[in-house]
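Chain by chain, the residues:
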Amino acid sequence: MSVGTMNVKMIEFEVKGDERGSLVAIEECMQVPFQIKRVYYIFGTKSNVKRGAHAHKELQQVLIAVNGSCTVIVDDGFERKEFDMNCPSKGLFIDKLIWREMENFSPDCVLLVLASDYYSEADYIRDYAEFKNYVFSL
Ligand code: T46
């Protein structure tokens, strides 16, 4: 891994709109680059709360602010980037081994997450120094 190759990218989903409103469809291995094994969503986040602050050894995810807004900060151990999440037709793909933090949640924010695997606490790295050591040892 080296500077400038952080595997995080914003995906624009096609909006099927008509006079009734809008619809976005997401299928595994089509609009997102993995098989979707788990879906969860974060809502009712209190103001001034920060979430995340961990990386995953293997898990890949796509984060979508289906309502409201929040900020996602990503860090591959070499550089940090910030993404404003405020559009239900955009998803942030986050590869494995990326540290992530979420903050600035609007009261109405619903952050939908599509994940490549089932929940496993063993996949989390929750200490930043440990994360950097892990990345630099690869
Ligand atoms: C991530 C960011 C974007 C479960 O039991 N099953 C699950 O699938 C998840 C995701 C969580 N949990 C439990 C574990 C904790 O007791 O729900 C509680 C809150 O989870 P956590 O503190 O990890 O939540 P966040 O918002 O800090 O992080 C979550 C995901 O865990 C993480 O994978 O990338 O959202």
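Our structure is the block above this text.
Below is a short write-up of the structure. (Residues numbered from 1 in each chain as written. Predicted model: local features only at pLDDT ≥ 70, side-chain atom pairs only at ≥ 80, totals over all residues. Heavy atoms only, no water.)

## Examining the pairing of strand S7 (residues 90–94)
Among the five residues that make up S7, four are buried, leaving the element largely enclosed by the rest of the structure. With five bridges joining them, strand S1 (residues 8–12) and S7 adopt antiparallel strand pairing. When the sheet's bridge partners are listed, Val 8 is paired in S7 with Ile 94. For strand S4 (residues 61–67) and S7, the ladder comprises three bridges, and the chain directions are antiparallel. What sits directly across from Leu 63, in S7, is Leu 92. (Buried < 20%, exposed > 50% of the residue type's maximum accessible area, 1.4 Å probe, protein only. Helix = DSSP H or I, 4+ residues; strand = E, 2+ residues; numbered from the N terminus. Pairing = 2+ DSSP bridges.)

## A short note on the environment of Glu 28
With respect to the element layout, Glu 28 can be found in the loop between S1 and strand S2 (38–43). Separated by 26 residues in the primary sequence, Glu 28 and His 54 place their C-alpha atoms 25 Å from one another. With residues up to four places along the chain from it excluded, the contact list for Glu 28 reads Phe 34, Gln 35 and Ile 36. Here Ile 36 takes part through its backbone nitrogen, which lies 3.1 Å from a polar atom of the side chain of Glu 28. (Contact = heavy atoms within 4.5 Å. Polar contact = N/O pair within 3.5 Å; in protein donor to acceptor, adjacent residues only side chain to side chain.)

## Structural notes on the site of the ligand
In the vicinity of the ligand there are 13 residues, among which Arg 38, Arg 51, His 56, Gln 61 and Tyr 124 approach most closely. Here Arg 51 contributes a side-chain N or O atom positioned 2.7 Å from an oxygen atom of the ligand. His 56 has a polar side-chain atom sitting 2.6 Å from an oxygen atom of the ligand. In isolation the ligand exposes 650 Å². Once the protein is present, 68% of that is buried. The cavity that encloses the ligand is the largest pocket. Contributing elements (two or more residues each) for the shell around the ligand: S2, strand S3 (51–56) and strand S8 (99–103). When residues of the shell around the ligand are assigned to their parent elements, the largest contribution, four residues, is made by S3. (Near = heavy atom within 4 Å. Areas by Shrake-Rupley, 256 points an atom, 1.4 Å probe, with all protein chains shown as cover. 1 Å grid on protein atoms, 1.4 Å probe; cavity = no way out; pocket = protein on both sides within 12 Å on 5 of 7 lines; lining within 4 Å. Sits in = over half its atoms within 2 Å of the grid points.)

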